[in-house]
Amino acid sequence: MRRARDDIRAFLSRYPDCVAVEVARVKGSAPREAGAWMLVSREGIFRTIGGGQLEYMAIDHARKILAGGSSDPMDVPLGPEIGQCCGGRVGLDFQRVDQGLTAELIGRIDAEIATRPHVYVFGAGHVGDALAYALSLAPVRVVLVDTRESELLAADAPGVETCLTAMPEQLVRSAPSGSAFIILTYDHALDFLIATEALQRGDAAYVGMIGSKTKKATFRNWLKREMDGGDALFENLVCPIGGALVKDKRPEIIAALVTAEVLSAVLAPARAAQSS
């Protein structure tokens, strides 16, 4: 499912006359990396190059281009003269969007979406619903899974796929490498089954289960009893999820804390690969 803010086709259909702004060069500290881009039309904006005043200047220049001005690049020092203190320097390129550039940008978006890490949220209760919504704002593919019909599972949350299945463990087995699994169903035995399947994969970026110290200890004993190497598997489980610094059981707070935890796990490998 494509989120509205990812839907470049809808933006270009509505605003075909627009300018692409790209961060072409970066020196020192800057709001975004080289390659970041955005589209600017007379009435709308798609994506962001970040930077407050830098972006404001870029939008203004792009709209002057749309009004017939020159599409010269910009070289912007991020210092006191523009009201910023990043200390770096950014070069921006501007290009009027034509048919060729449209195809290129659509290809970029589609490729980015296709390579996003999968995050599976098992349990469409109040915490699962809040968590799926929070994750939907991030560059990940969110799948909300339950074994029972639920109003929350049926809700049309932008950017969240839903899956009603009697055998969620099969979904774990077919998930791509590097996926994250967050387990918070209505049944502890089902939680244990899903967690075991996820831990046994050996390639999950994150396996987390909601629960108390008692539930965690019970699961550990169950693993040791049911399979060889259970202790080693258990070491890769995050439980409780969301850390222990904020003691708050409201679904929205749990969702915010877990989202940060999961994104750290699933996005770090991708960033490391890009920098290597």
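Residues numbered from 1 in each chain as written. Predicted model: local features only at pLDDT ≥ 70, side-chain atom pairs only at ≥ 80, totals over all residues. Heavy atoms only, no water.

The name an unreviewed UniProt entry gives the protein is Xanthine dehydrogenase accessory protein XdhC, with Falsochrobactrum tianjinense as the organism.

Undergrad: Looking at this model, I keep getting lost on the UniProt feature "domain: XdhC- CoxI" (unreviewed entry) in the protein. Mind explaining?
TA: In the numbering used here, UniProt assigns the feature "domain: XdhC- CoxI" (unreviewed entry) to residues 18–70. For residues 18–70, the end-to-end C-alpha separation is 14 Å, with 26% helix and 32% strand making up the annotated structure. (UniProt positions renumbered as here; feature names shortened; annotations may be inferred. Helix = DSSP H or I, 4+ residues; strand = E, 2+ residues; numbered from the N terminus.)

Undergrad: What should I look at first to understand the environment of valine 26 in this one?
TA: Inspection of the secondary structure puts valine 26 in strand S1 (residues 18–27). What valine 26 contacts, discounting residues up to four positions off in sequence, is Arg32, Glu33, Ala34 and Arg89. (Contact = heavy atoms within 4.5 Å.)

Undergrad: Would you take a moment to explain the side chain of glutamate 55 for this structure?
TA: The residue glutamate 55 is located in helix H2 (residues 53–66) in this model. Polar side-chain contacts of glutamate 55 include one of 2.9 Å to the backbone nitrogen of isoleucine 49. When sequence neighbours within four positions are dropped, the list of residues in contact with glutamate 55 reads Met38, Thr48, Ile49 and Gly50. (Polar contact = N/O pair within 3.5 Å; in protein donor to acceptor, adjacent residues only side chain to side chain.)

Undergrad: When you look at the environment of alanine 255 in this model, what are you seeing that I'm missing?
TA: Examined against the element boundaries, alanine 255 turns out to sit in helix H10 (residues 251–275). Exposure remark for alanine 255: the relative accessible area of 2% places this residue in the buried category. Taking the C-alpha atoms as reference points, alanine 255 and leucine 131, separated by 124 residues in sequence, lie 4.3 Å from one another. (Buried < 20%, exposed > 50% of the residue type's maximum accessible area, 1.4 Å probe, protein only.)

Undergrad: Can you help me understand the sheet that holds S1 in this one?
TA: The strands making up a sheet are joined through hydrogen bonds of the backbone, oriented either antiparallel or parallel. Taken in spatial order, the five strands make up an open sheet running S3-S2-S1-S5-S4, and their pairing is antiparallel. One side of each edge strand has no neighbouring strand; the edge strands of this open sheet are strand S3 (45–46) and strand S4 (74–77). Relative to S3, strand S2 (residues 37–41) runs antiparallel, the two sharing two bridges. Among the inter-strand pairings, leucine 39 is bridged to a residue of S3, identified as phenylalanine 46. (Pairing = 2+ DSSP bridges.)

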